[in-house]
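Close look at the chain arrangement
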Amino acid sequence: LIHRLLRLTGEKKILFLAHRREIIDQTADKIGRQIGPNLVAIEQAERKAEASARVIIGSVQTLVGRLDEFRPEDFAAVIVDECHHAYAKTWMDTIGHFGAKADTLLLGLTATPKRSDGRCISELFGETAFEISLGELQDRGFLVPMNYYTIEASLGLGDLPIDQKGDFQATLVGKIMNTPEMRALTVRACLEKASGKKTIAFCASISHAQDLARDLEDSGMSAAFISGQSQDRDELIQAFRDGRVQVLTNFGVLTEGFDDPSIECVLLARPTTSPLVYSQCLGRGLRSHPGKTACIVIDIVDRQRHQLQYNAFEAAGLARSWQGSGKDPLREAEAIARIRVTDP
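Now for a quick tour of the structure. Predicted model only: the values in this text are computed from it and were never measured. (Residues numbered from 1 in each chain as written. Predicted model: local features only at pLDDT ≥ 70, side-chain atom pairs only at ≥ 80, totals over all residues. Heavy atoms only, no water.)

1. Notes on the overall build of the protein chain
A count of helices and strands for the protein chain gives 13 helices and eleven strands. For 344 residues, the compact-globule formula gives about 20 Å, and the C-alpha radius of gyration of the protein chain, at 21 Å, lands near that figure. When its C-alpha atoms are laid out on the principal axes, the protein chain stretches across 60 × 55 × 45 Å. Across the 344 residues in the protein chain, those meeting the buried criterion constitute 51%. Taking all contacts inside the protein chain whose residues are at least 6 apart in sequence as the whole, residues at least 24 apart take part in 70%. Working note: accessible area of the protein chain is about 16900 Å², and carbon and sulfur atoms make up 51% of it. One way to put it: in the protein chain the 41 positive side-chain charges average out to a point 2 Å from where the 46 negative ones average out. (Helix = DSSP H or I, 4+ residues; strand = E, 2+ residues; numbered from the N terminus. Rg over C-alpha atoms; globule rule 2.2 N^0.38 Å. Buried < 20%, exposed > 50% of the residue type's maximum accessible area, 1.4 Å probe, protein only. Contact = heavy atoms within 4.5 Å. Areas by Shrake-Rupley, 256 points an atom, 1.4 Å probe, with all protein chains shown as cover. Lys, Arg positive; Asp, Glu negative; His and termini not counted. Charge placed at Lys NZ, Arg CZ, Asp CG, Glu CD.)

Structure follows, in structure tokens:
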């Protein structure tokens with residue numbers, strides 16, 4: 001899209017807005033491969049975009065403090081990544097500045113359009129230019145099918161309070177998931193369902209991610225953990241990409257925008273009520289990669305099937321209590337739909 005836009009915009013620039021360093025670096029690299037790295041620059045923290053750049057990959061947190069350094073009339077298009085965040089003040093201020101001209105194209109991109117607060121992003125972006133489902137992406141080869149397994153445990157989620165975002169209270173979920181018994185169950189599930197597979201694990205707290213990585217190491221698997229406080233985050237992620245670390249556990253770091261298509265297993269060890277959070281975690285493992293035919297998904301759910309705990313069955317439009325036995329919920333939902341057409 002950017003490659004085509006550049007031919008239509010004369011000398012004007014294109015701004016690509018993002019909010020995480022990993023997304024910014026990945027985007028600059030991939031757009032650079034498409035249009036040439038000399039045309040792409042990054043505006044983030046100490047990094048300043050060169051005047052000659054046609055495409056600027058900008059950090060929202062940085063740009064909101066430098067708006068007076070950029071003229072809106074120099075930009076033909078503003079592309080907003082993870083645009084479900086766009087209602088936040090820093091995003092709105094930045095979008096409003098660069099989109100001050102009536103003829104500026106505003107385009108939002110997201111794989112998770114459902115917001116936890118119920119607000120609709122179409123209020124800001126207007127019409128939907130393009131939409132595609134997970135099933136269609138599988139059919140076209142952009143995503144692989146999932147082998148989906150639920151591991152039922154007595155989590156007691158029904159007793160947990162819900163926070164202001166409508167999710168389970170994070171501190172209490174962390175305590176529930178980070179017990180020796182729960183970690184042992186989680187390790188056993190990894191060994192049984194994903195032995196030898198490159199795995200990303202989403203945990204319920206920093207201490208949970210740290211302790212689970214240690215337990216995985218003790219079981220003979222190569223594991224490491226990262227959080228927002230990790231000083232060696234880049235080194236650990238590179239070790240994971242290279243295959244020197246088999247299981248990478250994390251809390252609140254790799255949920256959104258992390259791109260490693262060679263991931264073969266997603267371990268969901270943090271119960272959530274949020275379709276947004278769940279879809280983001282799930283999506284880390286579904287991207288296609290040479291030799292990869294499916295992604296194993298291990299989802300730890302409450303044995304009581306808490307009415308708010310979101311899972312892949314619900315994401316596919318099936319009942320939350322559906323029993324899948326390792327099959328892909330998307331394909332099961334399609335099969336049910338076909339039956340309903342032929343035999344209502």
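2. A word on the pattern of salt bridges
Summed over the entire model, instances satisfying the criterion amount to 21 salt bridges. A salt bridge links Asp-167 to Arg-270; its shortest N-O distance comes to 3.8 Å. In this pair, Asp-167 sits in the loop between β6 (146-153) and α7 (170-177) while Arg-270 sits in the loop between β10 (265-268) and α11 (275-283), placing the two residues 103 residues apart along the sequence. Note on Arg-270: relative accessible area 21%, which makes it partly exposed. Across the pair Arg-331 and Glu-334 runs a salt bridge whose closest N-O atoms are separated by 2.8 Å. (Salt bridge = Lys/Arg side-chain N within 4 Å of Asp/Glu carboxyl O.)

3. Let's talk about the sheet that holds strand β7 (residues 199-202)
One open sheet holds the six strands; their spatial order is β6-β11-β10-β7-β9-β8, and the pairing between them is parallel. The strands lining the two open edges of the sheet, one partner per strand, are β6 and β8 (223-227). Strand-to-strand twist in this sheet, taken as the mean axis angle between neighbours without regard to direction, amounts to 20 degrees. Pairing of β7 with β10, which is carried by four bridges, proceeds in the parallel orientation. Looking across to β10, one finds that Phe-202 is bridged to Leu-268. (Pairing = 2+ DSSP bridges. Axes fitted to C-alpha atoms, helices over the stretch in contact; angles between N-to-C directions.)

4. Some thoughts on the packing of helix α2 (residues 21-35) against helix α10 (residues 233-242)
Packing of α2 against α10 leaves a shortest axis separation of 13 Å and a crossing angle of 55 degrees. Classified by the angle their axes make, α2 and α10 are oblique. The interaxial crossing formed by α2 with α10 has right-handed handedness. Facing Arg-21, Glu-22 and Gln-26 of α2, the residues of α10 in contact are Arg-233, Asp-234, Ile-237 and Arg-241. A class-by-class count of the residues in the contact of α2 with α10 yields one nonpolar, one polar and five charged. (Parallel < 35°, antiparallel > 145°, perpendicular 65-115°, else oblique. Left-handed = near helix turned anticlockwise from the far one by under 90°. Nonpolar A, V, L, I, M, F, W, Y, C, P; charged D, E, K, R; others polar.)

5. A few points about unusual backbone geometry
For Ala-45, which is not a glycine, the phi torsion comes out positive at approximately 55 degrees. Within the secondary structure, Ala-45 is located in the loop between β2 (40-43) and β3 (55-59).

6. A closer look at the sheet that holds β2
An order of β2-β3-β1-β4-β5 is seen for the five strands of this open sheet, with the pairing classed as parallel. Looking at which strands have only one partner, the edges of the open sheet turn out to be β2 and β5 (105-108). Along the sheet, successive strands turn relative to each other by an average axial angle of 20 degrees, direction set aside. Where strand β4 (residues 75-80) meets β5, four bridges bridge the pair, whose relative direction is parallel. Paired with Ala-77 across the two strands is Leu-105, which belongs to β5. Packed on one face of the sheet, α2 meets β1 (13-18), β2 and β3 and runs near 175 degrees to β3. Across the sheet, helix α4 (residues 89-98) lies against β1, β4 and β5, angled at about 175 degrees from β1, the strand it touches most.

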